[in-house]
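A closer look at the structure
Each chain is listed here by its residues.
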Amino acid sequence: MPAAPTLTLRPDAQGIASAARLLADGATVALPTETVYGLAANARDGAAVARIYQAKGRPAFNPLIVHCVDMAAAGRIGVLGGEAEALARAFWPGPLTLVVPLRADAGIAGIVTAGLDSVGLRVPAHRLAQAVLRESGLALAMPSANASGRISPTTAAHVLDPDGGLAGRIAAVLDGGACPVGVESTIIGWRDGAAVLLRPGGIAAEDIEAVLGHPLARAAMGGDTPDSPGQLLSHYAPAAPVRLDAQEAQAGETLIGFGPVAGDLTLSASGDLAEAAARLFDVLREADRRGLPIAVAPIPAQGLGLAINDRLARAAAPR
Ligand code: TXA
Ligand code: MG
């Protein structure tokens, strides 16, 4: 965990340039969108995105929204056709996230989508989010900039709150004052071709229905919090059976190594949990492509190891 103090960047050309440079170097930076402050990292750099999870202290991986400078950039990452394109034209830039099929050649790190074949895309309208996206030329993975289990921050002071904030855990916060919308983006996905409201947010469902010309299906929220629609999703899991805490491969297994356990593939030869988190979904997919049962070396249950073990336990659960 970085112990260095978190820089507060001013909302001017110099602050924007500093934020863009830090992001290009693989650091995490909190910045304002019109909904809430997001914690940004380069979506094509798995190690940088792993730092988001490290800073937030999340015990599980959840797919992250990829923020793009405009619709053309978003369309190079996910497939924007039909209703998704109509909604993008109507509401971007703005507080709307669209969950669409991920393009295979998008170069987005597996940890961003938590291994799914879909991606959440948003073009934010906020002047500073736009400026950082433009200046950096990056697509930015950004969950809300709160510690795990806390509510979303709408000021830079919330982001740095000594009680449950991210001070000392992230490189910088770009201080753009209060977020004008103050609630998260509305999230729309499609199931069997039908548009589904996955999370209510900054754009009213009625306004979306007016563009679509028909009612939205509502995701059954159950006991879930509106902050974590990802919990409603089926998670990526390998087709092959998965055996955990393996010290060595049994005959006919692909062994995924970590630290002292050398495998056919490795999460991190040096036993670095951030490197392992960054590689987890890509390595699982690669192992699954080999068509053999998968064995995984023990991963320590601390820091990012909690989220890694949570995901491995799901992958190993009987299906
Ligand atoms: O307003 C917002 O949406 C803010 C700002 C920073 O953009 N971001 C935000 O991110 O609220 P987060 O991570 O707190 O919530 C994003 C939600 C997650 O719960 C996740 O489940 C869902 O979006 N999501 C992202 N990608 C998805 C995907 N491929 N499929 C389904 N849900 C997805
Ligand atoms: Mg959140």
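The rules we used
Residues numbered from 1 in each chain as written. Chains lettered and ligands numbered in written order. Predicted model: local features only at pLDDT ≥ 70, side-chain atom pairs only at ≥ 80, totals over all residues. UniProt positions renumbered as here; feature names shortened; annotations may be inferred. Core = buried A, V, L, I, M, F, W, Y, C linked by C-beta atoms within 7 Å. Buried ≥ 20, exposed ≤ 12 C-beta atoms within 10 Å, placed from the backbone. Domains from an automatic or database assignment. Contact = placed C-beta atoms within 7 Å. Helix = DSSP H or I, 4+ residues; strand = E, 2+ residues; numbered from the N terminus. Expected span 1.5 Å × (residues − 1). pLDDT = per-residue confidence, 0-100. Nonpolar A, V, L, I, M, F, W, Y, C, P; charged D, E, K, R; others polar. Pairing = 2+ DSSP bridges.

The chain is annotated in an unreviewed UniProt entry as Threonylcarbamoyl-AMP synthase of Paracoccus alkenifer. We quote the UniProt Subcellular location (unreviewed entry) comment for the chain here in full: "Cytoplasm". The UniProt entry for the chain carries the following text under Catalytic activity (unreviewed entry): "L-threonine + hydrogencarbonate + ATP = L-threonylcarbamoyladenylate + diphosphate + H2O".

1. Section: the nonpolar core
If you look at the biggest cluster of nonpolar residues, it comprises 102 residues, and the most contacted ones within it are A19, V29, A30, V49, V66 and A277. Both domains that meet at this core, namely domain 1 (7-232) and domain 2 (242-316), each give it at least three residues. If we ignore the near neighbours within four places in the chain, the residues touching V49 are A41, A43, A109, I111, V112, A141 and A278.

2. Considerations on the UniProt feature "binding site: L-threonine" (unreviewed entry) in the chain
According to UniProt, the "binding site: L-threonine" (unreviewed entry) feature falls on T35, H67, R122 and S185. For the annotated residues, spread through 151 residues, the largest C-alpha to C-alpha distance comes to 12.7 Å, consistent with a single compact locus. If you trace the backbone, T35 turns up in the loop between β2 (29-32) and β3 (37-42). By the C-beta count within 10 Å, which is 29 here, T35 ends up buried. Within the secondary structure, R122 sits in strand β6 (residues 118-122). Residue contacts for R122: discarding those within four places in its chain leaves I65, H67, L96, T97 and S185.

3. Describing helix α10 (residues 304-316)
Its 13 residues give α10 an end-to-end C-alpha distance of 18 Å, which sits within 8% of 18 Å, the value for a rise of 1.5 Å per residue. Among the residues of α10, those classed as buried are L304, A307, I308, N309, R311, L312 and A315. Along its buried surface, α10 packs onto α2 (46-56), β12 (242-243), α9 (273-289) and β15 (294-296).

4. Comments concerning the confidence of the model for the chain
Chain-level pLDDT for the chain is 92 on average; 94% of the residues reach the 70-or-more range. Note that residues 221-232 has pLDDT below 50 and, in this model, 13 contacts with residues that lie over four places away or in other chains. Overall fold confidence for the complex sits at a pTM of 0.91, while the interface term, ipTM, reaches 0.99.

5. Comments concerning the domain arrangement of the chain
Considered domain by domain, the chain is made up of domain 1 (7-232) and domain 2 (242-316). Taken over C-alpha atoms, the centre of domain 1 sits 28 Å from the centre of domain 2. Taken together, the contacts link 16 residues of domain 1 with 16 residues of domain 2. Where the side of domain 1 that touches domain 2 is concerned, the elements lending two or more residues are α2 and α5 (110-113). Counting residues per element, the side of domain 1 that touches domain 2 draws most heavily on α2, at 7 residues. Taken together, the residues of the side of domain 1 that touches domain 2 break down into 10 nonpolar, 4 polar and 2 charged.

6. Some thoughts on the sheet that holds strand β1 (residues 7-9)
An order of β1-β8-β2-β3-β7-β4-β6-β5-β9-β10-β11 is seen for the 11 strands of this open sheet, with the pairing classed as mixed. Each edge of the open sheet carries a strand with a single partner, namely β1 and β11 (217-218). Here β3 pairs with strand β7 (residues 140-141) via 2 bridges, running antiparallel. From the neighbouring strand, A41 faces β7, where its bridge partner is A141.

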